[in-house]
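# Tertiary structure, described
One-letter residues, chain by chain:
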Amino acid sequence: MTTTTRQTNLILNQDWTRIYQTFKNADFKSYDFENLRRVIITYLRENYPEDFNDYIESSEYLALIDAVAFLGQSLAFRIDLASRENFIELASRRESVLRIARMLSYNAKRNITSKGLLKFDTVSTTENILDANGKNLARQIIQWNDSTNSNWKEQFNTILNAAMADNTEIGRSQGSSTIQGIPTEQYRFRTASRDVPIFTYNKNVAGRAMPFEMVSTAFKGSEEIYEEAPVPGNQLGFVYKLDGKGAASTNTGFFLMFKQGSLELADFSIAVPTTNEKVAIDADNINNSDVWLFQLAANGAQLDPWTQVSNLVGNNIAYNSIEKDIRNIYSISTKNLDRIDLIFADGVYGNLPQGSFRVYYRVSNGLSYSVLPNEMRGINIEVPYVNKSGQGHVLKISMSLKYTVSNSVPAETVESIRTKAPAQYYTQNRMITAEDYNLAPLTSSQDILKVKAINRTSSGVSRNFDIIDASGKYSSVNVFADDGLIYKSESEKSLAFKTVSRIDTVNFIRQSVEPLFTNTGVYNFYFTKYDKILFTDTNTQWTQITLDVNESTGYFINSVDLTLQKVSSYTTNTLKYVVAGAMIKFVPPVGKSFKRGELVTTDANDLDQTDRLWTKIIRVVGDGTNAGRGTLSTGKGPIIFNDIVPTGAIASRIIPKFVNNLPDALETQIVNLCAENKNFGLRFDVATVSWKIITAPNIDLINAFALGKAGDTSNNNLDTSWIIAFTKESDEYQLRVRTLDYIFGSLEQNRFYFDVNQKIYDGKTGKTIKDQVRVLGINTMP
């Protein structure tokens, strides 16, 4: 058949132009079987009435029409379903939503496991060790804060010291920091196991049996306590926290971190890597935080870990926000059922993976629940260790949870991903506009439900500033004035409480009274009103061993015979006050002055020179002399100051440490006095560095503060040295708290305000930024 004939006889001998014209009469909005069948029959009746006119149910042609209508309905349903899965607002399959979210540079959050700290309750060891009284502690169970054992602390520490890593003992840690406002120290056991230091146990929590793991605990380089990367043979790390509220406090003692779930591993090899290599880890319920990747040596040993980085736009993990020397990087992509893909670099911005690898990951249950203290008790582990003589022993520890843990979160829901993925794409990983500040935080965690950011930067900006950059990041916020003044403001604060029961009184003391001791106003009152103790021995001289930024270490010597001077509880002279928290005033030798941490020849014209140096004691190791040897094995001195003190500086005066907690015996006295509805006061005794009670017959609640009659017991109401006074009025106690504030102001040239509750954080250092007031050297009337 010729081409012309074929084109003019396409369908039923009809010209194609006629077929084209009939399309305008077709109904293309029908997708279901009944409508498709009706539309097809209507189409044939209207356009081919002469050719097709047999529409009885038994007609074979109607069977063909039914088959076409059924096929059309199926195709329409599948196409519609597939089309919906291409749009994040309509997609119903979680896998589709995850893929679209990744296209929008959003990596959905997997489940967050519950974690917390277990406190050591009891310890025991199989090693024969003696306490200070010569008692053998082998197989003796020593309880923390045991009221029936006056030597519990010394025995507790002795047992732990026996299992401690080299050059480490209680008080000589492997690092210290302040975590969430609590001084924290790092320690390790000299464990004998060559496996990853993890201890597993099971507990019933929220009505379910759950597996948990105790892990090696650390905080180095972070502002929070975390789990160390799993390394076989690593020494088990634990921490010591001291919140200053006594041994009974939930935040004082030794702790190990626990996590819900099970740590698993998978090995894989990559012989010929490709750009943006992807490795699938097809285990369900991998949590959002616990993934570590190590390269393996030829003998199977783990090498340095690869660095996990965040996901950015597209498939190429090109990063310029990490150190340029770090090239072994990878990212994690979340998949359905909380599975993951490891995605590697392109060989330009990061190394291609080649060789054998091991990935550790923790599988958690992905539920939301709270762990109550009564559900996490009596957890016992046995830590095999090698003592200092090289002998193997076992340390047994019993632990429990002291606070409720409610930090587990399920995997991010489809609805949450639909909301947050477009928000992150909109913000483009930056916060500039006000809307960015309301959207970006939502993408950081599935536990954040709502955020409202308010612009407070520009409100109240000093009229002295050009409103160019209110944050001060690019425009200067330095203001100079010559009408500044500083003065002291002494005042009283008041608190009230009712003595309903002894327990209520104890709780009030611990939750409301003791925190007053850390109040700046009370602290200033102590420093200003109390006498600075004079060093009677003018030969007490400092010897510097090491120095660092705002830190120096060393010890005291007698400048006459050069003997090392013991401090703290190891002596009875003025040096007994040399403990962490005390302040010492140093003066230079005759003819010398201090200048930038050094002793120089006095020059009256040099305004940078000073004749005094106040510094705070950060830490004291042992007797302050390392048993007469001076320098510690770490190369540092046993006494650490928070400023640079040069060798030859002479100790002049000392302000004893201001104790910020009350002993249990004193708490009991206060509770008894409150129960008897008596007036009384609390004074600080510098001689004994402790708090004392002023009884009702001796306290003077009228006259101003004075130390002349401190400790008077003549029953004539002469003692006005109280810092806190308890007075019973009607059915409640009124507390009077003496405070003193230093206030800096400007008469006319500058206007500013100070809010103690408002903190500004430096994104680079992670620390708070404080405003500073400086009196310049050109000031002629300081």
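Since this is a predicted model, take the numbers as computed values, not measurements.

Two elements in contact, helix H3 (residues 33–47) and helix H4 (residues 60–84), have axes separated by 8 Å at closest approach and are oriented at 130°. Taken as axis vectors, H3 and H4 run oblique relative to one another. In the crossing of H3 with H4, the sense of the turn from one axis to the other is right-handed. Taken together, the residues of H4 that come into contact with H3 (itself represented by Phe33, Leu36, Arg37, Ile40, Ile41 and Leu44) are Tyr61, Leu62, Ile65, Asp66, Val68, Ala69, Phe70, Gly72 and Gln73.

Our focus in this paragraph is the nonpolar core. Among the nonpolar cores identified, the biggest contains 55 residues, and Phe556, Phe586, Trp691, Ile724 and Phe726 are the most heavily contacted of them. With five residues, helix H11 (residues 664–675) is the largest single contributor of residues to this core. Ignoring anything within four residues of it in the chain, the contact list for Ile724 reads Val513, Leu516, Phe517, Gly681, Leu682, Leu735, Arg736 and Val737. Counting residues in hydrophobic clusters, the runner-up holds 40 residues, among them Ile159, Ala162, Phe258 and Ile379.

Take the packing of helix H5 (residues 94–103) against helix H7 (residues 414–427) next. Remark: H5 packs on H7, axes separated minimally by 10 Å, with the N-to-C direction vectors making an angle of 15°. Judged by the angle between their axes, H5 and H7 are roughly parallel. Seen from above, H5 lies across H7 with left-handed handedness. When H5 is examined against H7, the residues Arg94, Val97, Leu98 and Ala101 are found in contact with a partner set consisting of Val414, Ile417 and Ala421. Of the residues that constitute the contact of H5 with H7, the class distribution is six nonpolar, no polar and one charged.

On the basis of which strands lie adjacent, the open sheet formed by five strands has the order S21-S34-S33-S31-S32 and antiparallel pairing. Here the strands that pair on one side only, and so sit at the sheet edges, are strand S21 (484–497) and strand S32 (690–694). The sheet shows a mean angle of 25° between the axes of neighbouring strands, direction not considered. The sheet strands contacting helix H10 (residues 520–529) are S21, strand S31 (680–685) and strand S34 (732–746), and the helix crosses S34 at an angle near 80°.

Another aspect to go through is the sheet that holds strand S18 (residues 355–363). Within a beta sheet, neighbouring strands are joined by backbone hydrogen bonds and run either parallel or antiparallel to one another. Taken together, the four strands give an open sheet; going across it, the order is S11-S18-S13-S14, and neighbouring strands pair in antiparallel fashion. Where the open sheet ends on each side, the last strands, each with one partner, are strand S11 (262–270) and strand S14 (302–305). Between one strand axis and the next, the sheet turns through 35° on average, direction left out of account. Here S11 pairs with S18 via nine bridges, running antiparallel. Residue pairing in the sheet places Glu264 in a bridge with Tyr361 of S18.

Reading the values: rules and limits
Residues numbered from 1 in each chain as written. Predicted model: local features only at pLDDT ≥ 70, side-chain atom pairs only at ≥ 80, totals over all residues. Heavy atoms only, no water. Axes fitted to C-alpha atoms, helices over the stretch in contact; angles between N-to-C directions. Helix = DSSP H or I, 4+ residues; strand = E, 2+ residues; numbered from the N terminus. Parallel < 35°, antiparallel > 145°, perpendicular 65-115°, else oblique. Left-handed = near helix turned anticlockwise from the far one by under 90°. Contact = heavy atoms within 4.5 Å. Core = buried A, V, L, I, M, F, W, Y, C linked by side-chain atoms within 4.5 Å. Buried < 20%, exposed > 50% of the residue type's maximum accessible area, 1.4 Å probe, protein only. Nonpolar A, V, L, I, M, F, W, Y, C, P; charged D, E, K, R; others polar. Pairing = 2+ DSSP bridges.

Function cannot be read off these values alone, since they describe shape.
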